[in-house]
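The chain contents come next:
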Amino acid sequence: MIISCDNITKAFGTNKVLKGLSFTAKEREVLSIVGASGAGKTTLLQILGTILVPDSGKIYIDGVDVFSLNQRSLSSFRNQKIGFVFQFHHLLPEFTAIENIMLPALIGKYEKASVTYLSDKQIRSNAEVLLAELGLWGKADSRPSQLSGGEQQRVAIARAMINNPKIIFADEPSGNLDSKTKQDLHDLFFKMRDSHNQTIIIVTHDESLAKRCDRCLVLKDGVFV
Ligand SMILES: Nc1ncnc2c1ncn2[C@@H]1O[C@H](COP(=O)(O)OP(=O)(O)OP(=O)(O)O)[C@@H](O)[C@H]1O
Ligand SMILES: [Mg+2]
């Protein structure tokens with residue numbers, strides 16, 4: 001199991017959001033998480049992505065008990081193993097598309113998260129390969145404000161992929177796109193899994209996407225039902 005989580009709880013004050021949630025995910029699995037607004041989907045994704053600490057419970061990612069790592073090891077681990085695609089892409093506006101894509105690799109390099117060191121030139125060339133793979137050839141030097149919503153989301157996917165992580169978490173990645181662009185974006189997730197063997201967990205309100213996934217997990221009253 002690439003992800004195994006056991007009995008996760010998380011409350012914000014008296015608001016008990018996750019109430020002993022458990023599940024596992026296999027390598028190359030594409031899972032969807034659905035549930036009502038406020039059910040705790042983003043909270044769960046943040047916990048699985050190791051950016052939010054649960055109140056109790058254990059999470060193993062690729063065999064590592066992630067919350068037993070110290071801050072520095074955890075941030076390296078996250079940089080190398082996990083890619084995030086957020087609902088509103090969170091691209092840095094002052095950087096170009098290619099620079100946004102390169103960023104996690106540069107951070108990994110200068111924080112010495114990786115055991116292999118690529119030159120900046122190699123990082124750029126890897127970013128260019130992803131750019132082409134995601135149909136963004138010619139957009140390398142555009143800033144996010146000069147890109148369409150779908151293009152911005154594809155840059156965000158490329159950024160999530162640059163360190164070739166084992167897992168991608170996506171939080172409503174197609175939430176603000178029209179149906180054709182949405183469809184194309186969904187296709188990319190499956191294509192990425194096929195070509196890069198990633199495990200992909202997607203929070204979505206989109207029924208057709210949820211149905212296309214290998215499994216659909218429904219979050220209700222703090223647990224998967
Ligand atoms: N940092 C926080 N502080 C306090 N409460 C929070 C915090 N983050 C989330 N919550 C609360 O936790 C609950 C779950 O929020 P979460 O964002 O995980 O929901 P969601 O399932 O992602 O909803 P949506 O579909 O609207 O994105 C909500 O009641 C929310 O108000
Ligand atoms: Mg959410």
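The structure presented is a predicted model; accordingly, all values stated were derived computationally and were not measured.

Enquirer: Explain the pairing of strand β9 (residues 215-220) here, please?
Expert: In regular strands, side chains alternate between the two faces of the sheet. Across four bridges, the pairing between strand β3 (residues 30-34) and β9 is parallel. When the bridges of β9 are listed, V34 appears paired with V218. Pairing analysis gives two bridges linking β9 to strand β10 (residues 223-224), with the strands arranged antiparallel. The partner of L219 across the bridge, within β10, is F224. Where β9 folds back onto β10 in an antiparallel hairpin, the turn is made up of two residues, including D221, whose phi is positive at roughly 50 degrees.

Enquirer: Sorry, what's going on with the sheet that holds strand β1 (residues 3-12) here?
Expert: Across a sheet, strands are paired by hydrogen bonds formed along the backbone, either parallel or antiparallel in direction. Reading across the sheet, the four strands line up as β2-β1-β4-β5 and stay open at both edges, with antiparallel pairing between neighbours. One side of each edge strand has no neighbouring strand; the edge strands of this open sheet are β2 (15-25) and β5 (64-65). Here β1 runs beside β2; their pairing, made up of eight bridges, is antiparallel. If you follow C5 over to β2, its bridge partner there is F23. Sheet strands touched by helix α1 (residues 41-48): β1, β2 and β4 (56-61). Its angle to β1, the strand with the most contacts, is close to 125 degrees.

Enquirer: I'm lost on the pairing of strand β8 (residues 199-203) in this one. Help?
Expert: Most of β8 is tucked away, with five of its five residues classed as buried. Neither face of β8 is open: one carries T199, I201 and V203, the other I200 and I202, and all of them are buried. In this sheet, β8 lies alongside strand β7 (residues 167-171) in parallel orientation, the contact comprising five bridges. The residue bridging F169 from the neighbouring strand is I201, located in β8.

Enquirer: Looking at this model, I keep getting lost on the site of ligand 1. Mind explaining?
Expert: Around ligand 1, the neighbouring residues are F12, N15, V17, G35, S37, G38, A39, G40, K41, T42 and T43. Contributions of two or more residues to the shell around ligand 1 are made by β2 and α1. Counting residues per element, the shell around ligand 1 draws most heavily on α1, at three residues. Split into classes, the residues belonging to the shell around ligand 1 amount to three nonpolar, seven polar and one charged.

Enquirer: In this structure, what is going on with helix α5 (residues 149-161)? I would like to understand it.
Expert: Here α5 contains 13 residues, and its C-alpha end-to-end distance of 19 Å stays within 8% of the 18 Å for a straight helix at 1.5 Å per residue. On its buried face, α5 is in contact with β6 (82-85), α3 (97-110), α4 (120-133), β7 and α6 (179-196).

Enquirer: Explanation requested: unusual backbone geometry in the structure shown.
Expert: For residues besides glycine, phi is generally negative; the peptide bonds are generally trans as well. Look at N7: it is not a glycine, yet its phi comes out positive at around 60 degrees. Take N7: it is sitting in strand β1.

What counts and how
Residues numbered from 1 in each chain as written. Chains lettered and ligands numbered in written order. Predicted model: local features only at pLDDT ≥ 70, side-chain atom pairs only at ≥ 80, totals over all residues. Pairing = 2+ DSSP bridges. Helix = DSSP H or I, 4+ residues; strand = E, 2+ residues; numbered from the N terminus. Contact = placed C-beta atoms within 7 Å. Axes fitted to C-alpha atoms, helices over the stretch in contact; angles between N-to-C directions. Buried ≥ 20, exposed ≤ 12 C-beta atoms within 10 Å, placed from the backbone. Near = placed C-beta within 6 Å. Nonpolar A, V, L, I, M, F, W, Y, C, P; charged D, E, K, R; others polar. Expected span 1.5 Å × (residues − 1).

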